[in-house]
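Structural overview
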Amino acid sequence: ETWTGVWHGAPKSVLIEQTYPGEDDHREHFESLLPAFLDPRYIKVNGKPLFAIYNPHGIPDTKRTIERWQKFAKNAGLSGIHFVGVSGSASWNPIDLGFNAKILQLGFNRRDWVSKRTPIKWLKKKFGFWHGEPTKQSYNEYWDIFLSFLEKEKKEDKYPSYPSIVHAWDNTPRSGNNGFVLTNDNPKKFSEYLFYVKQCLKNEKDENNFIFLKSWNEWAEGNHLEPDFKYGSQWLSAIQKFLSDGDRKAE
C-alpha cells in the first residue's frame, strides 16, 4: 500500500506511492520470485508455492491479476500458486477474488468500546489521546475476542483460512497518545493462548494447518519476536514449546 506520513502526523504526505504499471511489471515481479518458488525448501500447499498478498483489495482488477500470475506460474512449469489474502476484513470471500485462502487477523478496533449514545464517554474512550493517554486493551480481553472470532470462522469453514496471532502490541513509539497498547502481555500468557489456538485448528487438514505470527521485528509497534532486554528469548521459547509440545497446555 502507499506509504504516508500518518505515523508522524502528516497522513496526507505521500512518502512512497504503491503503483501497478501493468503487464510487464507483473511479469518482472513474478520472474524475480520464481527462483524462490522453484526452491525445494519453499513452503507449498498441494505442490503449489504459498504466496501471501497484503491488502488484495488494493490491487486494480484483483481477480484478473491473480489469473495472470497463475498463467505465469504454469508457463514456468509450476502447477500454480497457492494465493493467500491478508486483510483485516472478516467479510470478504477469497475465492471471489481468485485466492485459495485468507489470513484471519483481528484489528484493534473490533472492541465494543462505549455506546455512542453517551458521546462524551465514547469520544474519551475511542480517542484516548484527547486526555493524554493512548487507547488500551488488556491482553486477556484481546485474546478472548480473537479466539471467539477464530472459533466462529472455523465453524463456518467456507474456505481455507489461517489465523494471524499477535503476541504483543504497543505502537506508542510511533503514534504517541494516538497509539494502541495491549496491557499485561507476557510470554507465559502467550504460551497458554497458543494452546487454545491449537484446539481451534485440530480438525484442519495438514496441508492447510498454518499459523501466521505478527511479527518478527516490528520494534516501533512493540510487536517483535526477536530477543530484547525485557524478556530475552522467552517469546521464541514459547513458540518452540508449542511446536514441540503443542497438544499440552503450558504449565
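Residues numbered from 1 in each chain as written. Predicted model: local features only at pLDDT ≥ 70, side-chain atom pairs only at ≥ 80, totals over all residues. Heavy atoms only, no water.

**What to know about the pairing of strand β8 (residues 161–166)**
Counted residue by residue, β8 has 6 buried out of 6 residues, so it is predominantly covered. One ladder, built from 3 bridges, connects strand β6 (residues 101–104) with β8; its direction is parallel. Bridge pairing links I103 to Y162 in β8. The pairing of β8 with strand β10 (residues 212–214) spans 3 bridges and is parallel. Among the inter-strand pairings, I165 is bridged to a residue of β10, identified as L213. (Buried < 20%, exposed > 50% of the residue type's maximum accessible area, 1.4 Å probe, protein only. Helix = DSSP H or I, 4+ residues; strand = E, 2+ residues; numbered from the N terminus. Pairing = 2+ DSSP bridges.)

**Comments concerning the side chain of N223**
Positionally, N223 belongs in strand β12 (residues 223–224). The buried category is assigned to N223, whose relative accessible area is 0%. A distance of 2.9 Å separates a polar side-chain atom of N223 from the backbone oxygen of A168. The contact partners of N223, leaving out residues within four places of it in the chain, are V166, H167, A168, W169, K214, S215, W216, N217 and E218. (Polar contact = N/O pair within 3.5 Å; in protein donor to acceptor, adjacent residues only side chain to side chain. Contact = heavy atoms within 4.5 Å.)

**Describing helix α6 (residues 187–200)**
Here α6 spans 20 Å end to end across 14 residues, near enough to the 20 Å set by a 1.5 Å rise per residue. Within the span of α6, buried status applies to P187, F190, S191, Y193, L194, F195 and V197. Elements in contact with the buried residues of α6: α4 (139–156), β8, β10 and α7 (234–245). For α6, the side-chain oxygen to backbone nitrogen distance between the N-cap and K188 is 3.1 Å, and the N-cap itself is N186. (Expected span 1.5 Å × (residues − 1).)

**Here's the deal with a nonpolar patch on the surface**
Together, W3, L15 and I16 make up a nonpolar patch on the protein surface, roughly 350 Å² of accessible area in all. Tracing the chain through its elements places W3 in strand β1 (residues 3–5). (Patch = residues over 30% accessible without salt bridge, like charges linked within 9 Å, V, L, I, M, F, W, Y side chains within 5 Å. Areas by Shrake-Rupley, 256 points an atom, 1.4 Å probe, with all protein chains shown as cover. Salt bridge = Lys/Arg side-chain N within 4 Å of Asp/Glu carboxyl O.)

**Looking at the sheet that holds strand β3 (residues 44–45)**
Strand order in the open sheet formed by 6 strands is β3-β4-β5-β6-β8-β10, and the pairing between neighbours is mixed. Two strands in the sheet have a free side with no partner beyond their single neighbour: β3 and β10. Both strand β5 (residues 82–87) and β6 contribute to a ladder of 4 bridges, which runs parallel. By the bridge assignment for β6, V86 is matched with I103. The strands that α4 touches are β6 and β8; relative to β8, the one it contacts most, it runs at about 180 degrees. (Axes fitted to C-alpha atoms, helices over the stretch in contact; angles between N-to-C directions.)

**Here we look at the pattern of salt bridges**
In the structure shown here, the tally under the stated rule is 8 salt bridges. With a shortest N-O distance of 2.7 Å, R68 and E23 are connected by a salt bridge. In this pair, R68 is assigned in helix α2 (residues 62–75) and E23 in helix α1 (residues 23–38), connecting sequence segments 45 residues apart. What makes R68 buried here is its relative accessible area of 18%. A relative accessible area of 35% means that E23 is categorised as partly exposed. What emerges from the salt-bridge pattern is a single network uniting E23, D24, R27 and R68.

**Focus on the environment of W169**
Counting through the fold element by element, W169 comes out in the loop between β8 and α5 (172–175). Sequence separation of W169 and H224 is 55 residues, and the distance between their C-alpha atoms is 8.7 Å. Ignoring any residue separated from it by four or fewer positions in sequence, one finds W169 in contact with F108, F180, V181, L182, D185, K214, E221, G222 and N223.

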